[in-house]
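# Chain and residue survey
The primary structure of each chain is shown beneath.
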Amino acid sequence: MVNQTKTIRLVYPQWQGGSIAQWITEVKDPEQASRGYYLGAQLLNFLAPDNGQETYMVPVATDLVKREVTDGMLDKEVIIAQTKAALEILNIQNPDKIVTLGGECSTSVVPFTYLSGKYNGDVAMVWIDAHPDITLPGDVYPAYHAMAVTACMGLGDRQIVSVLPAKIASSKILFVGLRDWERDEIKARQKQYGIQHLTPEDIKENSDALLNWLKTCGASKVVVHFDMDVLDPTEIIAAVGVVPDGMKIAEVVRVINDIAREKEIVGLTIAEPMPRVAIRIKEMLNQLPLLK
């Protein structure tokens, strides 16, 4: 009897992990800008190939209640509730592989820690991102999407990490495309954790440095996080971040496919889509007669 691998698509339009309205200046309504990730996840699901995968939608609140920082984290209570909802879907469906369409960066936390637990820690994590996302509650920026990697490591808010199925060791994490630490203490923290990284320049011509790391990462399986702000803004602006000198689309596609040739990819997240034009079109439609 042939074992069948179950792969699901998890649409996870969580937006509460970000605090980004100040950077989306072309959207006049800061509430609509804040919820841009919600629309972004829906668009990713619409644009992604229909390959017959079972698709599950994580229930995400869209109420624009007052946003508050609790225990050093913005919108903590709603994030906890949505974390538990995502976990419930995975525990019921018991997938072997997960494609996650976010949503901001923290949408990788639940599926990646679930997969690490499922495979007894035999999972390495390649985090393709302009930023390292290793902040902690109490840091100057309180949004959870910047705490995604530390959460995967089992660090951060106790209430959140206590419900996660497993954690991923820092020795099994590699940042790819990293070029903006934002603050000196984040660069120092990365060094403290011992997490290696490759810049866009390091993998511009080929994936050799990444493949060498994979050969020694100590895991047979890989989860890949693709934050769209890793992309070079001179080619496309698809996310909130517009840090210059990023990776080209073709380079990201090549890197992820090279990973798949070297190791078994069991988790892939595409995160941080910020469809600025679509948000503005939505705002326009909201003002027209017979549509309101």
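An account of the accompanying structure is given in this report.

Definitions and cut-offs
Residues numbered from 1 in each chain as written. Predicted model: local features only at pLDDT ≥ 70, side-chain atom pairs only at ≥ 80, totals over all residues. Heavy atoms only, no water. Phe/Tyr/Trp six-rings, centres within 6.5 Å; stacked < 30°, edge-to-face > 60°. Helix = DSSP H or I, 4+ residues; strand = E, 2+ residues; numbered from the N terminus. Buried < 20%, exposed > 50% of the residue type's maximum accessible area, 1.4 Å probe, protein only. Lys NZ or Arg CZ within 6 Å of the ring centre and 35° of its normal. Contact = heavy atoms within 4.5 Å. Axes fitted to C-alpha atoms, helices over the stretch in contact; angles between N-to-C directions. Parallel < 35°, antiparallel > 145°, perpendicular 65-115°, else oblique. Left-handed = near helix turned anticlockwise from the far one by under 90°. Nonpolar A, V, L, I, M, F, W, Y, C, P; charged D, E, K, R; others polar. Arc of directions from axis to C-beta. Pairing = 2+ DSSP bridges.

## Regarding the packing of aromatic side chains
- Summed over all chains, the structure comprises two aromatic pairs.
- Relative to Tyr141, the ring of Trp23 has its centre 6.3 Å away and its plane inclined at 55°; by these criteria the two rings are tilted. Separated by 118 residues along the polypeptide, Trp23 in the loop between strand S1 (7-12) and helix H1 (30-34) and Tyr141 in the loop between strand S6 (123-128) and helix H5 (148-152) bring together distant segments of the chain.
- For the ring pair Phe112 and Trp127, a centre distance of 6.4 Å and an interplane angle of 85° mean the geometry is edge-to-face. A residue pair is termed long-range when its members are at least 10 positions apart, and Phe112 in helix H4 (residues 109-118) and Trp127 in strand S6 qualify at 15 residues. Here the two residues Phe112 and Trp127 agree in accessibility, since each one is buried.
- Seen from the ring of Trp181, Lys187 lies directly overhead, with NZ or CZ sitting 4.4 Å from the centre.

## A word on unusual backbone geometry
- With an omega dihedral of 20°, the bond running from Gly102 to Gly103 counts as a cis peptide bond.
- You can see Gly103 is positioned in the loop between strand S5 (97-102) and H4.
- For Asp75, which is not glycine, the phi dihedral falls at a positive 55°.

## Here's the deal with the side chain of Gln190
- You can see Gln190 is positioned in helix H7 (residues 184-193).
- For Gln190, the residues in contact, after removing those within four places along its chain, are Ile134, Phe175, Leu178, Trp181, Ile195, Gln196 and His197.

## Notes on the packing of helix H3 (residues 76-93) against H4
- At their nearest, the axes of H3 and H4 sit 9 Å apart, and the two run at 40° to each other. Classified by the interaxial angle, the pair formed by H3 and H4 is oblique. Here the hand of the crossing between H3 and H4 comes out right-handed. Every residue of H4 that contacts H3 at Thr83, Ala86, Leu87, Leu90 and Asn91 is listed here: Val110, Pro111 and Tyr114.
- Its residues assigned to classes, the contact of H3 with H4 comprises six nonpolar, two polar and no charged.

## Brief notes about H7
- Of all the residues in H7, the buried ones are Ile186, Arg189, Gln190 and Tyr193. Here the buried residues of H7 occupy an arc of 100° about the axis, which is enough to place them on one side. Exposed residues on H7 whose side chains face more than 90 degrees from its buried face are Asp184, Lys191 and Gln192.
- Where the residues of H7 are buried, they touch H5, strand S7 (173-176) and strand S8 (196-198).
- Where H7 ends, the next residue or the one after it, Gly194, has phi of about 75°, a positive value.

## A look at the sheet that holds S5
- Pairing is parallel across the open sheet formed by eight strands, whose spatial order is S2-S1-S5-S10-S9-S6-S7-S8. The open sheet is flanked by strand S2 (54-57) and S8, the only strands paired with a single partner. Averaged over all pairs of adjacent strands, the angle between their axes in this sheet comes to 20°, without regard to strand direction.
- Of the strands in this sheet, S1, S5, S6, strand S9 (221-227) and strand S10 (264-271) are in contact with H4, which crosses S10 at around 170°.
- Helix-sheet contacts for helix H9 (residues 249-262) involve S6, S9 and S10, and the interaxial angle to S9 is about 170°.

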